[in-house]
Amino acid sequence: MHCYQFREMADSYVDLETSANTNREFAYHLDNCPVCREEMAARREFRIRLRETWTKAPENQMRPEFADRLRGQLHSLSLSKASTNTSSVKNHPRSLNLQRRWLLTVAASLILAIAIGFVLSRVMRIKNKSDYESGVMPDLVKTELAKSAVGDHRDCAIQFRLAERSTNLDEAALKYDHAYIDLVKSVTSGEMLPGVEFVKAHSCIFQQRRFAHLIFKYHGQLVSLLVTDNDADPGKLPTVPASGQPNVIACSSFDGYRVSCFQTARHAVFVVSDLADGENLTLARAFESSVVEHLTRSEEPASF
Amino acid sequence: MFLGASIANSLDERTILWERFECEAMPHASSLFRIARWLTRNQSDAEDLLQETLIEALSSFHRFSEGTNCRAWLVTILYHHHSKRRRAQSHLHLVSDEQERIAETIAFEPSTPQNLTDEDVLSALRRIPRAFQEVVILADVEGLSYKEIAEATQVPIGTVMSRISRGRKLLRTELATYAREHGFGGVA
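Given the structure is predicted, the values throughout are model-derived calculations rather than measurements. (Residues numbered from 1 in each chain as written. Chains lettered and ligands numbered in written order. Predicted model: local features only at pLDDT ≥ 70, side-chain atom pairs only at ≥ 80, totals over all residues. Heavy atoms only, no water.)

Taking 1.5 Å per residue, 15 residues should reach 21 Å; helix α8 (residues 144–158) of chain A reaches 20 Å between its end C-alpha atoms and fits that length. Burial runs high along α8 of chain A: 13 of the 15 residues are buried. (Helix = DSSP H or I, 4+ residues; strand = E, 2+ residues; numbered from the N terminus. Expected span 1.5 Å × (residues − 1). Buried < 20%, exposed > 50% of the residue type's maximum accessible area, 1.4 Å probe, protein only.)

A word on the nonpolar core. With 60 residues, the main nonpolar core has L74 of chain A together with F21 and L54 of chain B as its most contacted residues. Once residues within four sequence positions are removed from consideration, L54 of chain B is found in contact with L70 and L74 of chain A together with F21, M26, A29, L32 and L74 of chain B. Listed in part, the 30 residues of the second largest apolar core include V223, I249, V271 and L275 of chain A. (Core = buried A, V, L, I, M, F, W, Y, C linked by side-chain atoms within 4.5 Å. Contact = heavy atoms within 4.5 Å.)

Turning our eyes to something else, we now look at unusual backbone geometry. The phi torsion at D182 of chain A lies on the positive side, around 60°, for a residue other than glycine. Along the polypeptide, D182 of chain A turns up in the loop between α9 (169–175) and α10 (183–189). Backbone geometry at R41 of chain B places phi at a positive 60°, although glycine is not the residue there. Along the chain, R41 of chain B falls in the loop between α2 (29–40) and α3 (43–60). The exposure class of R41 of chain B is exposed, given its relative accessible area of 55%.

Attention shifts here to the pairing of strand β1 (residues 197–206) of chain A. Residue and element names in this part refer to chain A. Relative to strand β2 (residues 209–218), β1 runs antiparallel, the two sharing nine bridges. By the bridge assignment for β2, S203 is matched with A212. Here β1 folds back onto β2 in antiparallel fashion, the turn holding two residues, of which Q207 has a positive phi close to 45°. (Pairing = 2+ DSSP bridges.)

All names here are of chain B. Relative to each other, helix α7 (residues 130–141) and helix α9 (residues 157–181) sit at 100°, their axes nearing to 8 Å. Comparing their axes, α9 and α7 come out roughly perpendicular. On α9, the residues that touch A131, F132, V135, V136, A139 and D140 of α7 are R163, I164, R166, G167, R168, L170 and L171. Of the residues that constitute the contact of α7 with α9, the class distribution is eight nonpolar, one polar and four charged. (Axes fitted to C-alpha atoms, helices over the stretch in contact; angles between N-to-C directions. Parallel < 35°, antiparallel > 145°, perpendicular 65-115°, else oblique. Nonpolar A, V, L, I, M, F, W, Y, C, P; charged D, E, K, R; others polar.)

So, on to the environment of A179 of chain B. Residues and elements named next belong to chain B. Its place among the elements puts A179 in helix α9. On the basis of relative accessibility, which here comes to 0%, the residue A179 falls in the buried class. Sequence spacing of A179 and L116 is 63 residues, and the spatial spacing of their C-alpha atoms is 7.9 Å.

Encoded structure:
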C-alpha cells in the first residue's frame, strides 16, 4: 500500500468500513510509515476536536428555560390520554410555542396537582434508574477508575499504543482474576443491542491498572467494555444495589469520550466510546444485566 | 414492542410510557437540537422543530421497538418535520451541480492541520457547501452511520458515502489552506 492510497482510504479505516484484507494492509503500512501514522492520529484527533467544538458552540446550546419548558410540556402531554393518540397530535398546530400556549397553560395547571403527587411518588424509583437526566451522578463515574478506563479505551482500542502488551483473557483469568473466565461468552450470549458486533477481547494494563477489555463495534464506532477491580474509595461510591434490584448507571465524559459505569461488590464496569449523548448509556444498559450476573456469580464464595 | 400495538390508555400505562420515553428519547434532545439548529439556521425555528419532533416521537413511541436505535429514529422524524416545513415555505433543498463539481476537483488528500483554534475549525466547516456540511456533522459529530444518514435525509447511501468522503476532504483542504495562509498548522 502506498501513502496516497492510505490517505485516500484512511477515513473509511477510522469508520471501520474497510475489509479485513485492507485492514491488514493498513496495519502493515501503519507499522512501517511514521508519516501516515501521524496523519492517522491527526485525523482521529481532529474528529474528536470537531465534535467537541461543534457540540460546545454557543449557538448549538439549548436555552435551559426552553429545555425545562419542553420537558414539562412533554411530561404533561404524556399523562393526558389524548397525547398518546397519534391522530390527535397530528392535529396540533405546528407551533405550540405560539398558538397553543394558553391552552397548555390551562392544561398544565390542571395537571400540576396530579403531577406533583406523581413526581413525589416516583422520586425513589427515579433514583434507581439512570442519573443521566436527573443530574445526580454517582461518584464512581468521576473517579480515577473512570479516567483510567477512558485512557485504556483511547490507548488500546483506538490508538494501539499501550506500554505493555495485552494478554489472553483466559491466561489473565488464571493469574489475576477468575471473573474474566467466560466473560466474553456471558456478554455475547446475553442480551445485546442489534447492531453490536463483538470484535475481540484481552486483558491489558493502563497506568498500572488491569482491565478485562472487550471491544465491540457499534454504528461504525469502537466501544470498549472494561472490567476492573472496584477499589475506589468506598466512601465515595454509591451503594451496590441488592440482588435483583436495578443497578445505577451513570454517564460522564472525559477527553471527548463518553463513559458509562455500573458496579458489583468487587468490580467496576465501564462502557467507553466515541458515540454521541445517550447511545453510550443505552449500550451500557444493554450490557448491564449479563455482565452483572456473570460478575456476581464469580464473586460468590466457592463451594466445595 | 413495549405496549404492543395498543395505545396507552390507563394512567399507569402512560406513566410507564413516559418513563421509557424519558430514559430513551430525552437524552438525545441536545443532539437533536444541534441538528435542528443547523437545519433551520435559527434558534427559534430550531426550538419549534425540536418541539414538534419530540411531540411526534412521544405520540408514536408505543410503535418504537426497544433495542433499535432511538436516536436514528428521532433524527428521521426531525428531518421529516423539517421537510414538511420547507415544503410549506416552498423552499427547495438541492445540491447544485457547481457544489458537486467543486468537490470533484479536490484531487489530492490534504494533510490534517493541527494547532487550530475552535473558531478556525467552525469557520472552515461553515465554508464548505451545506450538503457536505450536513453529512460531516451527522457522521462525524453526531455519530450517525451511513445507513442512518441515508434514511434520515432520504438520500441514497452511495451518495451519502461519497459526500462524506468529499466533505471531509473539503474540510481538510479549507483548514490546510487557512493554516498555510497563516503560517502555522504543523501539517502532518
